[in-house]
Amino acid sequence: MKSAVENVNPTRVKLTVEVPYEELKPRVDEAYKTIAQQIQIPGFRKGKVPARLIDQRVGRGYVIETAVNEGLNDFYQQAMVENELTPLSRPEVDITELPSIEKEGEGQLAFTLEVDIRPTVELPDYKGIEVSVEAKEVADEDIEKALDDLRGRFGTLKEVEAPAAADSFVTIDLTASVEGEEVDSAQGLSYQIGSGNMLEGMDEAITGLSAGEDATFETELAGGEHAGKPATVKVVVTAVKQRELPEANDDFAQLASEFDTIAELREDLAKSAAEGKVVEQGVEARELVLDKLVELVEVPVPASVIDEQLEQHFNAPNAEEGHDTEEHRAEVRENTERAFKNEIILDAVANAEEVGVEQSELIDYIVQTAGQYGMEPNQFAQMLDGAGQVPMLLGEVRRRKALAKVLEYATVTDSNGAAVDLSSFVKPAGEEEAAEVEAEEATEAK
C-alpha cells in the first residue's frame with residue numbers, strides 16, 4: 001500500500017492511498033465467503049457456492065464493492081499510522097479507482113480522503129516561566145475561623161426565644177400552592193438560614209420571625225411534578241435555635257484532636273492554614289503558567305471540530321432552553337477553543353517530559369472525580385470502562401502531571417516580591433519521600 005499526504009491547512013490533510021490488488025485479495029476472498037452464506041443456489045450447500053456462480057448471480061462488481069467496504073477503514077487507519085497522523089474528525093472519502101471486474105488480478109483500489117488532524121506544535125523553552133501570585137499570609141482570623149469551624153462540629157443546638165437571624169437554625173412547616181390549590185406540604189423541617197438549600201426567597205421570608213409566627217412568599221418550585229412552576233408558599237416557624245459552641249480549652253483539644261492542649265491545637269491549625277494558603281497560591285500559579293504557555297505557543301484550531309462540539313453542546317438532550325444565543329455561543333466557542341489549545345500544548349509537554357501515568361494515580365483521579373458526581377468510585381469506574389472513556393481519563397491525568405512539571409520549573413513570586421515555594425503543592429509529601437528514597441538508593445548503588 002502506498003500513501004501520500006498533502007496539507008490542506010495546518011489542521012487538515014488530503015491523503016491519496018493506493019492499494020494493489022494483492023493486498024485487497026484477502027478481502028475479496030472473504031467477501032465471497034460472506035456472500036456465499038447469504039445466497040442459496042440449488043445443488044449447493046449454504047456457504048459452498050463457487051465464486052464463478054456468485055459472479056453470475058450477484059456480479060463481481062458487488063463482490064469488489066463488499067471487499068472495499070469491509071477493508072476501507074483498515075486501509076485508512078494504516079495510512080494514518082504510516083504518516084504519523086492523528087485524526088480529529090470523520091474522513092471524507094472519495095474512491096477514485098477499483099480493481100477490474102472483468103479480469104482477476106488487474107487494477108487496484110485507490111482513494112483520496114480529507115480529514116482534520118491533530119496539529120503539531122513547537123514548544124518554547126518552558127523552563128523558568130515567571131509568574132506572580134497574590135501574597136498569602138496566615139492571620140489570627142484564619143486560625144480563629146478554623147477553630148470555630150472545628151468547635152461547630154461539636155456544638156449543640158439550643159432553642160431560644162429570639163427572632164430568627166442569619167445562621168439561625170429553625171424548625172419549619174411548609175405549604176405550597178399553585179393557582180390557589182395546595183400541591184405539597186411538609187412539617188418539622190430543619191433549616192439553617194443562609195445555607196441556600198431550600199426554596200428561593202425562604203431566607204428573606206423567615207428572617208425576623210419568632211417561634212409560632214408565619215410568612216407567605218412567592219417562589220418557583222424546585223422538585224416534584226410541579227417543578228419550575230410559580231407557587232405561593234406559606235412557612236410557619238415552630239422553633240428557633242442557636243448553636244452553642246464548646247469552650248476552646250484543653251478539654252476541647254483532647255476531645256476534638258490528638259493534642260493535649262489548646263495551644264498545640266492552635267499551632268496545628270496554623271500549620272494547616274499555611275498549607276491551605278500554599279494550595280491557593282499553587283492553583284493561581286498553575287493557571288497563570290498555563291496562560292503563559294498558551295501565549296507562547298501558536299496552536300492552529302480546526303474550525304470544523306469546534307463547530308461539531310458546539311452543536312453537540314447546544315443540541316444535547318439536557319441542553320437548557322433559551323441559552324442558544326449569539327453571545328452564549330461566542331462564549332462557549334472561546335472556551336472550547338481554549339480547552340483544545342490547552343490539550344494540544346500539555347500533550348506536547350507530556351511527550352517532551354516523557355510523562356507516564358501510574359495505576360495508583362489513575363485510581364486517585366477516579367475516586368476524586370466520582371465524588372464530584374456523587375457516585376461510588378467502583379460504579380464510576382465501571383461506567384467509564386463501559387463507555388470506553390478510560391483512555392480519555394488517562395490523557396487528563398497525564399496532562400495534569402505535565403502542567404505540574406511546568407509549574408515545578410517556573411519561578412513564582414508573590415505580590416510583595418518574595419519567592420514562593422510550591423514544592424509541597426507540585427509534589428505531595430508522599431512523592432517527595434519516594435524521590436528521597438530513590439536518591440538515597442542511587443547514592444548507595446554508586
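Residues numbered from 1 in each chain as written. Predicted model: local features only at pLDDT ≥ 70, side-chain atom pairs only at ≥ 80, totals over all residues. Heavy atoms only, no water.

1. Section: the nonpolar core
Within the largest apolar cluster, 35 residues are counted, with the highest numbers of intra-cluster contacts made by L407, V412 and L422. Examining the composition of this core, we find that eight residues originate from one element, helix α9 (residues 326–352), more than from any other. Ignoring any residue separated from it by four or fewer positions in sequence, one finds L422 in contact with V278, Q281, G282, A285, L407 and V412. If you look at the next biggest cluster of nonpolar residues, it comprises 32 residues, including M1, V17, L53 and L113. (Core = buried A, V, L, I, M, F, W, Y, C linked by side-chain atoms within 4.5 Å. Buried < 20%, exposed > 50% of the residue type's maximum accessible area, 1.4 Å probe, protein only. Helix = DSSP H or I, 4+ residues; strand = E, 2+ residues; numbered from the N terminus. Contact = heavy atoms within 4.5 Å.)

2. Description of the pattern of salt bridges
Scanning the entire structure with this criterion turns up 24 salt bridges. Residue D29 is joined to K25 by a salt bridge in which the shortest nitrogen-to-oxygen separation is 3.0 Å. With D29 and K25 both in helix α1 (residues 21–38), this residue pair falls four residues apart, about one helical turn. Residues D149 and K145 are paired through a salt bridge, measuring 3.1 Å at the closest nitrogen-oxygen approach. With D149 and K145 both in helix α4 (residues 140–153) and four residues apart, this pair spans about one turn of that helix. When its relative accessible area of 43% is taken as the criterion, D149 is described as partly exposed. Taking the relative accessible area as the measure of exposure, K145 reaches 53% and is therefore exposed. Several salt bridges converge on common partners, so that one network encompasses R12, E92, E114 and D116. (Salt bridge = Lys/Arg side-chain N within 4 Å of Asp/Glu carboxyl O.)

3. A look at the packing of aromatic side chains
Here the structure, examined in full by the defined rule, presents three aromatic pairs. For the pair F154 and F252, a centre-to-centre distance of 5.8 Å together with 90 degrees between the ring planes defines the contact as edge-to-face. With F154 in the loop between α4 and β6 (156–159) and F252 in helix α6 (residues 250–256), this residue pair connects regions lying 98 residues apart in the sequence. Ring centres of Y373 and F380 lie 5.7 Å apart, and the angle between their planes is 20 degrees; on these two criteria the pair is classed as stacked. Owing to a relative accessible area of 4%, F380 belongs among the buried residues under this scheme. The ring of F75 is capped by R27, whose NZ or CZ atom sits 5.8 Å from the centre of that ring. The ring of Y409 has K127 lying over it, and the distance from NZ or CZ to the ring centre is 4.8 Å. (Phe/Tyr/Trp six-rings, centres within 6.5 Å; stacked < 30°, edge-to-face > 60°. Lys NZ or Arg CZ within 6 Å of the ring centre and 35° of its normal.)

4. Describing the layout of surface pockets
Computed from the structure, the second largest pocket encloses a volume of approximately 510 Å³. E343, Q389, M392, E396 and R399 are the residues nearest the centre of the second largest pocket, which is lined by 14 residues in total. Element by element, the count of residues in the lining of the second largest pocket is highest for helix α12 (residues 390–409), at six residues. Residue composition of the lining of the second largest pocket, grouped by class: six nonpolar, five polar and three charged. (1 Å grid on protein atoms, 1.4 Å probe; cavity = no way out; pocket = protein on both sides within 12 Å on 5 of 7 lines; lining within 4 Å. Points joined across faces, edges and corners; volume = space filled by probe spheres on them. Nonpolar A, V, L, I, M, F, W, Y, C, P; charged D, E, K, R; others polar.)

5. Notes on the sheet that holds strand β3 (residues 92–97)
The four strands lie next to each other as β1-β2-β4-β3, forming an open sheet whose pairing is antiparallel. Bordering the open sheet on either side are β1 (2–9) and β3, each of which pairs with just one other strand. This sheet shows a mean twist of 15 degrees between the axes of neighbouring strands, independent of strand direction. Of the strand pairs in this sheet, β1 and strand β2 (residues 12–20) are connected by seven bridges, and their pairing is antiparallel. In the strand pairing of β2, N9 is matched with R12. (Pairing = 2+ DSSP bridges. Axes fitted to C-alpha atoms, helices over the stretch in contact; angles between N-to-C directions.)

6. Description of α9
Every α-helix carries 3.6 residues per turn, so stepping three or four residues along brings you back to the same face. Compared with the 39 Å implied by 1.5 Å per residue over 27 residues, the 39 Å span of α9 between its first and last C-alpha is a close match. For α9, the set of buried residues is V332, T336, F340, N342, I344, I345, L346, D347, A348, V349 and A350. Downstream of α9 by one or two residues, E354 has phi in the positive range, about 55 degrees. (Expected span 1.5 Å × (residues − 1).)

7. Examining the pairing of strand β9 (residues 214–220)
Residue alternation in β9 divides its side chains into a buried set, A215, F217 and T219, and an unburied set, D214, T216, E218 and E220. The sheet contact formed by β9 and strand β10 (residues 230–244) spans seven bridges and is antiparallel. Bridging across to β10, F217 finds its partner in V233.

8. Section: the side chain of T171
Structurally, T171 can be placed in strand β7 (residues 169–178). On the accessibility criterion, T171 (15% relative accessible area) is buried. Once you skip the residues sitting within four places of it in the chain, T171 turns out to touch G188, L189, V236, V237, T238, A239 and K241.

9. Some thoughts on the UniProt feature "domain: PPIase FKBP-type" (unreviewed entry) in the chain
UniProt feature "domain: PPIase FKBP-type" (unreviewed entry): in the numbering of this structure it lies at residues 167–213. For residues 167–213, helix accounts for 11% and strand for 47%, while the C-alpha atoms at its two ends are 18 Å apart. (UniProt positions renumbered as here; feature names shortened; annotations may be inferred.)

10. Quick notes on the confidence of the model for the chain
The predicted model of the chain has a mean per-residue pLDDT of 90, with 95% of residues at 70 or higher. Under a pLDDT of 50 for its full length, residues 429–446 has, in the predicted model, three contacts with residues more than four places off or in other chains. (pLDDT = per-residue confidence, 0-100.)

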